[in-house]
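Spelled out, the chains give:
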Amino acid sequence: MKYQKLYFTLLLLANVTAVRADYQQGLLAFQRQDYATALSGWTQDALYGDTLACVGVAEIYLRGLGVKANPKQAAEWYRKAATLGDASAQYQLANLYEQGKGVIQSDEMAIEWYQKAAEQGVPGAQYQLGLHYYDGFGVTQSYQKAGEWFNKAALQGDARAQYRAGILYKNAQGGPQDLKQARDLFLLSATQGHTDAQLELAQSYASNKGQKTDCEQALVWYKKAAQQCSINAQYELATLYKSGTCVNKDLVSAVSWLQRASDQGHARAQYTLSGMYQHGLGVKADPLAALKWAMIAHKSGAAKPDATLASNKKISAKEHKKLKKEVELWHPKIPKCART
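Presented here is an overview of the structure given in this document. Everything quoted here is computed from the prediction, not taken from an experiment.

## Some words on the pattern of salt bridges
- Under the counting rule described, the total for this entry stands at five salt bridges.
- E200 serves as the salt-bridge partner of K170, at 2.9 Å between the closest nitrogen and oxygen. Residue K170 is found in helix α9 (residues 159–171), and its partner E200 is found in helix α11 (residues 195–206); the two are separated by 30 residues along the sequence.
- Residue classification places K170 among the partly exposed residues on the basis of a relative accessible area of 29%.
- The partner of D184 in a salt bridge is K180, with the nearest N and O atoms 3.1 Å apart. With D184 and K180 both in helix α10 (residues 179–191) and four residues apart, this pair spans about one turn of that helix.

## A look at the packing of helix α2 (residues 35–47) against helix α3 (residues 51–63)
- At a minimum axis separation of 8 Å, α2 and α3 run at an interaxial angle of 140 degrees. By the angle between their axes, α2 is oblique relative to α3. Crossing hand, α2 versus α3: left-handed. Contacts between α2 and α3 involve Y35, A38, L39, W42, T43, D45 and A46 from the former and A53, C54, G56, V57, I60 and Y61 from the latter.
- Residues of the contact of α2 with α3, tallied by class, amount to ten nonpolar, two polar and one charged.

What counts, and at which threshold
- Residues numbered from 1 in each chain as written.
- Predicted model: local features only at pLDDT ≥ 70, side-chain atom pairs only at ≥ 80, totals over all residues.
- Heavy atoms only, no water.
- Salt bridge = Lys/Arg side-chain N within 4 Å of Asp/Glu carboxyl O.
- Helix = DSSP H or I, 4+ residues; strand = E, 2+ residues; numbered from the N terminus.
- Buried < 20%, exposed > 50% of the residue type's maximum accessible area, 1.4 Å probe, protein only.
- Axes fitted to C-alpha atoms, helices over the stretch in contact; angles between N-to-C directions.
- Parallel < 35°, antiparallel > 145°, perpendicular 65-115°, else oblique.
- Left-handed = near helix turned anticlockwise from the far one by under 90°.
- Contact = heavy atoms within 4.5 Å.
- Nonpolar A, V, L, I, M, F, W, Y, C, P; charged D, E, K, R; others polar.

Below, the structure written as C-alpha coordinates:
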(Lines give C-alpha, C1' and ligand atoms only; values in the text may rest on other atoms or scores of the structure.)
Protein backbone atom coordinates (compact mmCIF):
# COMPACT_ATOMS: atom_id res chain seq x y z
CA MET A 1 0.00 0.00 0.00
CA LYS A 2 2.87 2.33 0.88
CA TYR A 3 4.50 1.81 -2.51
CA GLN A 4 1.13 2.13 -4.29
CA LYS A 5 0.58 5.61 -2.76
CA LEU A 6 4.10 6.63 -3.79
CA TYR A 7 3.42 5.43 -7.34
CA PHE A 8 0.25 7.51 -7.66
CA THR A 9 2.02 10.56 -6.19
CA LEU A 10 4.84 10.28 -8.72
CA LEU A 11 2.30 9.78 -11.52
CA LEU A 12 0.44 12.93 -10.47
CA LEU A 13 3.65 14.95 -10.33
CA ALA A 14 4.61 13.70 -13.79
CA ASN A 15 1.24 14.81 -15.15
CA VAL A 16 1.58 18.26 -13.53
CA THR A 17 5.09 18.65 -14.99
CA ALA A 18 3.77 17.72 -18.43
CA VAL A 19 0.90 20.17 -18.06
CA ARG A 20 3.23 23.02 -17.12
CA ALA A 21 5.48 22.21 -20.09
CA ASP A 22 2.44 22.28 -22.42
CA TYR A 23 1.36 25.62 -20.94
CA GLN A 24 4.77 27.20 -21.55
CA GLN A 25 4.76 25.91 -25.14
CA GLY A 26 1.29 27.37 -25.58
CA LEU A 27 2.47 30.70 -24.18
CA LEU A 28 5.38 30.82 -26.62
CA ALA A 29 2.98 30.02 -29.48
CA PHE A 30 0.59 32.75 -28.31
CA GLN A 31 3.42 35.30 -28.21
CA ARG A 32 4.35 34.53 -31.81
CA GLN A 33 0.62 34.75 -32.73
CA ASP A 34 0.31 31.04 -33.49
CA TYR A 35 -3.07 30.91 -31.81
CA ALA A 36 -4.06 27.48 -33.12
CA THR A 37 -1.06 25.83 -31.43
CA ALA A 38 -1.64 27.85 -28.25
CA LEU A 39 -5.30 26.86 -28.14
CA SER A 40 -4.49 23.19 -28.68
CA GLY A 41 -1.86 23.10 -25.93
CA TRP A 42 -3.80 25.22 -23.46
CA THR A 43 -7.00 23.22 -23.93
CA GLN A 44 -5.18 20.09 -22.80
CA ASP A 45 -3.77 21.92 -19.77
CA ALA A 46 -7.16 23.44 -18.99
CA LEU A 47 -8.77 20.01 -18.91
CA TYR A 48 -6.28 19.11 -16.15
CA GLY A 49 -7.48 22.14 -14.19
CA ASP A 50 -4.62 24.53 -14.98
CA THR A 51 -6.25 27.91 -14.30
CA LEU A 52 -3.72 29.89 -16.35
CA ALA A 53 -4.49 27.70 -19.34
CA CYS A 54 -8.23 28.14 -18.76
CA VAL A 55 -7.77 31.90 -18.84
CA GLY A 56 -5.65 31.62 -21.99
CA VAL A 57 -8.30 29.55 -23.78
CA ALA A 58 -11.00 31.96 -22.63
CA GLU A 59 -9.01 34.93 -23.94
CA ILE A 60 -8.61 33.33 -27.37
CA TYR A 61 -12.35 32.63 -27.64
CA LEU A 62 -13.33 36.03 -26.26
CA ARG A 63 -11.12 38.01 -28.66
CA GLY A 64 -11.56 35.64 -31.60
CA LEU A 65 -7.83 35.03 -32.05
CA GLY A 66 -7.43 32.49 -34.84
CA VAL A 67 -10.98 31.26 -34.23
CA LYS A 68 -14.45 32.74 -34.49
CA ALA A 69 -15.17 34.83 -31.41
CA ASN A 70 -17.29 32.85 -28.97
CA PRO A 71 -18.10 34.79 -25.75
CA LYS A 72 -20.22 31.92 -24.43
CA GLN A 73 -17.30 29.50 -24.71
CA ALA A 74 -15.00 32.11 -23.18
CA ALA A 75 -17.37 32.51 -20.22
CA GLU A 76 -17.34 28.75 -19.61
CA TRP A 77 -13.54 28.65 -19.43
CA TYR A 78 -13.38 31.76 -17.25
CA ARG A 79 -15.95 30.15 -14.96
CA LYS A 80 -13.86 26.98 -14.67
CA ALA A 81 -10.79 28.96 -13.61
CA ALA A 82 -12.83 31.32 -11.43
CA THR A 83 -14.42 28.41 -9.58
CA LEU A 84 -10.93 27.06 -8.92
CA GLY A 85 -10.04 30.40 -7.32
CA ASP A 86 -8.19 32.26 -10.09
CA ALA A 87 -8.63 35.97 -9.31
CA SER A 88 -8.09 37.23 -12.87
CA ALA A 89 -10.73 34.80 -14.17
CA GLN A 90 -13.14 35.95 -11.47
CA TYR A 91 -12.62 39.54 -12.58
CA GLN A 92 -13.11 38.73 -16.26
CA LEU A 93 -16.22 36.66 -15.55
CA ALA A 94 -17.65 39.57 -13.56
CA ASN A 95 -17.03 41.83 -16.56
CA LEU A 96 -18.91 39.43 -18.82
CA TYR A 97 -21.88 39.37 -16.44
CA GLU A 98 -21.89 43.16 -16.27
CA GLN A 99 -21.91 43.45 -20.07
CA GLY A 100 -24.18 40.47 -20.68
CA LYS A 101 -21.53 39.03 -23.00
CA GLY A 102 -21.63 35.25 -23.33
CA VAL A 103 -23.91 35.10 -20.28
CA ILE A 104 -27.25 36.59 -19.25
CA GLN A 105 -26.59 40.11 -17.96
CA SER A 106 -26.73 40.26 -14.18
CA ASP A 107 -25.46 42.99 -11.88
CA GLU A 108 -25.86 40.61 -8.95
CA MET A 109 -23.63 37.94 -10.50
CA ALA A 110 -21.14 40.58 -11.60
CA ILE A 111 -20.90 41.82 -8.03
CA GLU A 112 -20.53 38.28 -6.66
CA TRP A 113 -17.48 37.66 -8.86
CA TYR A 114 -16.09 41.19 -8.44
CA GLN A 115 -16.28 40.61 -4.69
CA LYS A 116 -14.30 37.38 -4.93
CA ALA A 117 -11.63 38.98 -7.12
CA ALA A 118 -11.53 42.15 -5.01
CA GLU A 119 -10.97 40.14 -1.84
CA GLN A 120 -7.96 38.57 -3.56
CA GLY A 121 -6.57 42.05 -4.23
CA VAL A 122 -7.40 42.65 -7.90
CA PRO A 123 -7.44 46.48 -8.16
CA GLY A 124 -9.73 46.51 -11.20
CA ALA A 125 -12.31 44.46 -9.31
CA GLN A 126 -11.99 46.69 -6.26
CA TYR A 127 -12.58 49.73 -8.46
CA GLN A 128 -15.61 48.18 -10.14
CA LEU A 129 -17.05 47.13 -6.80
CA GLY A 130 -16.59 50.71 -5.61
CA LEU A 131 -18.52 51.97 -8.64
CA HIS A 132 -21.40 49.61 -7.93
CA TYR A 133 -21.65 50.82 -4.34
CA TYR A 134 -21.30 54.45 -5.45
CA ASP A 135 -24.18 54.17 -7.96
CA GLY A 136 -26.22 51.52 -6.14
CA PHE A 137 -26.23 49.07 -9.06
CA GLY A 138 -26.98 45.55 -7.79
CA VAL A 139 -26.23 46.58 -4.19
CA THR A 140 -27.57 48.98 -1.61
CA GLN A 141 -26.03 52.36 -2.39
CA SER A 142 -23.27 53.28 0.06
CA TYR A 143 -20.63 56.00 -0.30
CA GLN A 144 -18.84 54.52 2.69
CA LYS A 145 -18.43 51.09 1.08
CA ALA A 146 -17.58 52.71 -2.23
CA GLY A 147 -14.82 54.64 -0.49
CA GLU A 148 -13.46 51.51 1.17
CA TRP A 149 -13.05 49.75 -2.18
CA PHE A 150 -11.83 52.83 -4.04
CA ASN A 151 -9.17 53.35 -1.39
CA LYS A 152 -8.02 49.73 -1.59
CA ALA A 153 -7.57 50.03 -5.36
CA ALA A 154 -6.03 53.49 -5.00
CA LEU A 155 -3.35 52.13 -2.69
CA GLN A 156 -2.40 49.72 -5.49
CA GLY A 157 -1.98 52.62 -7.91
CA ASP A 158 -5.26 52.43 -9.83
CA ALA A 159 -5.62 55.94 -11.31
CA ARG A 160 -9.39 55.65 -11.74
CA ALA A 161 -9.84 54.66 -8.10
CA GLN A 162 -7.55 57.47 -6.93
CA TYR A 163 -9.71 59.95 -8.82
CA ARG A 164 -12.96 58.50 -7.48
CA ALA A 165 -11.70 58.40 -3.91
CA GLY A 166 -10.63 62.02 -4.30
CA ILE A 167 -14.15 62.98 -5.39
CA LEU A 168 -15.58 61.33 -2.26
CA TYR A 169 -13.21 63.32 -0.01
CA LYS A 170 -13.91 66.51 -1.93
CA ASN A 171 -17.70 66.17 -1.70
CA ALA A 172 -17.81 64.76 1.86
CA GLN A 173 -19.52 61.60 0.61
CA GLY A 174 -19.33 58.74 3.08
CA GLY A 175 -17.29 60.77 5.56
CA PRO A 176 -16.09 64.27 6.45
CA GLN A 177 -14.74 66.57 3.75
CA ASP A 178 -10.95 66.48 3.40
CA LEU A 179 -9.74 68.78 0.62
CA LYS A 180 -6.06 68.03 1.26
CA GLN A 181 -6.61 64.29 0.94
CA ALA A 182 -8.68 64.89 -2.17
CA ARG A 183 -5.90 66.96 -3.75
CA ASP A 184 -3.28 64.35 -2.86
CA LEU A 185 -5.35 61.64 -4.55
CA PHE A 186 -6.04 63.80 -7.59
CA LEU A 187 -2.30 64.41 -7.91
CA LEU A 188 -1.54 60.68 -7.85
CA SER A 189 -4.18 60.03 -10.50
CA ALA A 190 -3.33 63.07 -12.61
CA THR A 191 0.35 62.11 -12.71
CA GLN A 192 -0.74 58.85 -14.36
CA GLY A 193 -2.58 60.82 -17.05
CA HIS A 194 -6.16 60.64 -15.77
CA THR A 195 -7.78 63.63 -17.50
CA ASP A 196 -10.64 64.24 -15.07
CA ALA A 197 -8.18 64.12 -12.16
CA GLN A 198 -6.00 66.66 -13.94
CA LEU A 199 -8.98 68.97 -14.25
CA GLU A 200 -9.95 68.52 -10.60
CA LEU A 201 -6.37 69.17 -9.56
CA ALA A 202 -6.23 72.33 -11.65
CA GLN A 203 -9.49 73.57 -10.11
CA SER A 204 -8.11 72.75 -6.67
CA TYR A 205 -4.99 74.86 -7.27
CA ALA A 206 -7.01 77.71 -8.81
CA SER A 207 -9.52 77.78 -5.96
CA ASN A 208 -9.04 79.39 -2.56
CA LYS A 209 -11.55 77.12 -0.82
CA GLY A 210 -9.67 75.97 2.25
CA GLN A 211 -6.36 75.65 0.43
CA LYS A 212 -3.58 77.82 -0.88
CA THR A 213 -4.07 79.08 -4.43
CA ASP A 214 -1.26 78.16 -6.81
CA CYS A 215 -1.84 79.72 -10.24
CA GLU A 216 1.30 78.22 -11.74
CA GLN A 217 0.25 74.66 -10.89
CA ALA A 218 -3.34 75.37 -11.87
CA LEU A 219 -2.22 76.36 -15.37
CA VAL A 220 0.08 73.34 -15.66
CA TRP A 221 -2.76 70.93 -14.98
CA TYR A 222 -5.41 72.82 -16.95
CA LYS A 223 -3.12 72.64 -19.98
CA LYS A 224 -2.36 68.94 -19.50
CA ALA A 225 -6.08 68.12 -19.34
CA ALA A 226 -6.91 70.46 -22.21
CA GLN A 227 -4.24 68.92 -24.42
CA GLN A 228 -5.83 65.52 -23.74
CA CYS A 229 -9.07 66.90 -25.19
CA SER A 230 -10.93 67.57 -21.95
CA ILE A 231 -13.51 70.06 -23.24
CA ASN A 232 -14.21 71.29 -19.71
CA ALA A 233 -10.52 72.02 -19.20
CA GLN A 234 -10.34 73.75 -22.57
CA TYR A 235 -13.32 75.91 -21.65
CA GLU A 236 -11.98 76.79 -18.21
CA LEU A 237 -8.53 77.54 -19.60
CA ALA A 238 -10.16 79.85 -22.15
CA THR A 239 -12.06 81.55 -19.34
CA LEU A 240 -8.81 82.23 -17.48
CA TYR A 241 -7.20 83.76 -20.57
CA LYS A 242 -10.34 85.81 -21.26
CA SER A 243 -10.57 87.22 -17.73
CA GLY A 244 -6.86 87.44 -16.97
CA THR A 245 -7.28 85.31 -13.86
CA CYS A 246 -4.13 83.38 -12.86
CA VAL A 247 -2.56 84.35 -16.19
CA ASN A 248 -1.94 87.43 -18.32
CA LYS A 249 -5.07 88.34 -20.26
CA ASP A 250 -4.81 86.87 -23.77
CA LEU A 251 -7.96 87.01 -25.89
CA VAL A 252 -6.33 85.26 -28.86
CA SER A 253 -5.48 82.24 -26.67
CA ALA A 254 -8.97 82.40 -25.19
CA VAL A 255 -10.51 82.14 -28.67
CA SER A 256 -8.15 79.28 -29.57
CA TRP A 257 -9.23 77.17 -26.60
CA LEU A 258 -12.89 78.13 -27.00
CA GLN A 259 -12.70 76.95 -30.60
CA ARG A 260 -11.32 73.54 -29.58
CA ALA A 261 -14.00 73.04 -26.93
CA SER A 262 -16.72 74.32 -29.29
CA ASP A 263 -15.69 71.92 -32.06
CA GLN A 264 -16.16 69.05 -29.60
CA GLY A 265 -19.63 70.19 -28.54
CA HIS A 266 -19.20 72.25 -25.36
CA ALA A 267 -22.35 74.45 -25.30
CA ARG A 268 -21.02 77.18 -23.00
CA ALA A 269 -17.81 77.43 -25.01
CA GLN A 270 -19.86 77.75 -28.21
CA TYR A 271 -21.99 80.52 -26.71
CA THR A 272 -18.92 82.36 -25.42
CA LEU A 273 -17.20 81.96 -28.81
CA SER A 274 -20.27 83.50 -30.42
CA GLY A 275 -19.82 86.56 -28.20
CA MET A 276 -16.13 86.81 -29.11
CA TYR A 277 -17.04 86.92 -32.81
CA GLN A 278 -19.88 89.33 -32.17
CA HIS A 279 -17.70 91.86 -30.36
CA GLY A 280 -14.40 91.17 -32.13
CA LEU A 281 -12.57 89.97 -29.01
CA GLY A 282 -9.38 88.08 -29.88
CA VAL A 283 -10.69 87.58 -33.39
CA LYS A 284 -12.00 89.75 -36.23
CA ALA A 285 -15.66 90.66 -35.72
CA ASP A 286 -17.83 88.36 -37.83
CA PRO A 287 -21.66 88.59 -37.46
CA LEU A 288 -22.19 85.42 -39.49
CA ALA A 289 -19.78 83.37 -37.34
CA ALA A 290 -21.30 84.87 -34.20
CA LEU A 291 -24.80 83.79 -35.21
CA LYS A 292 -23.57 80.38 -36.36
CA TRP A 293 -21.98 79.55 -32.99
CA ALA A 294 -24.96 80.94 -31.09
CA MET A 295 -27.27 78.66 -33.07
CA ILE A 296 -24.97 75.66 -32.57
CA ALA A 297 -24.80 76.46 -28.85
CA HIS A 298 -28.59 76.42 -28.70
CA LYS A 299 -28.56 73.08 -30.53
CA SER A 300 -26.13 71.83 -27.85
CA GLY A 301 -28.36 72.99 -25.00
CA ALA A 302 -27.48 76.66 -24.40
CA ALA A 303 -29.83 79.65 -24.56
CA LYS A 304 -31.35 80.85 -27.82
CA PRO A 305 -29.48 83.56 -29.76
CA ASP A 306 -30.70 86.97 -28.67
CA ALA A 307 -32.96 88.91 -31.03
CA THR A 308 -30.31 91.51 -31.86
CA LEU A 309 -27.85 88.86 -33.01
CA ALA A 310 -30.44 86.85 -34.94
CA SER A 311 -31.80 89.91 -36.81
CA ASN A 312 -28.41 91.45 -37.66
CA LYS A 313 -28.93 93.54 -40.79
CA LYS A 314 -25.45 92.67 -42.08
CA ILE A 315 -26.63 89.08 -42.65
CA SER A 316 -28.73 88.56 -45.78
CA ALA A 317 -31.74 86.26 -46.02
CA LYS A 318 -29.72 83.98 -48.31
CA GLU A 319 -26.93 83.77 -45.74
CA HIS A 320 -29.48 83.03 -42.99
CA LYS A 321 -30.89 80.14 -45.02
CA LYS A 322 -27.44 78.70 -45.77
CA LEU A 323 -26.40 79.09 -42.14
CA LYS A 324 -29.51 77.29 -40.90
CA LYS A 325 -28.65 74.33 -43.13
CA GLU A 326 -25.04 74.28 -41.87
CA VAL A 327 -26.21 74.24 -38.26
CA GLU A 328 -28.63 71.39 -38.96
CA LEU A 329 -25.79 69.32 -40.40
CA TRP A 330 -23.25 70.27 -37.73
CA HIS A 331 -21.93 67.52 -35.45
CA PRO A 332 -19.13 67.56 -32.83
CA LYS A 333 -15.72 66.63 -34.18
CA ILE A 334 -13.93 63.58 -32.88
CA PRO A 335 -10.63 64.84 -31.40
CA LYS A 336 -7.33 63.38 -32.54
CA CYS A 337 -5.99 63.15 -29.01
CA ALA A 338 -7.21 60.29 -26.83
CA ARG A 339 -8.62 60.73 -23.34
CA THR A 340 -7.85 58.37 -20.46
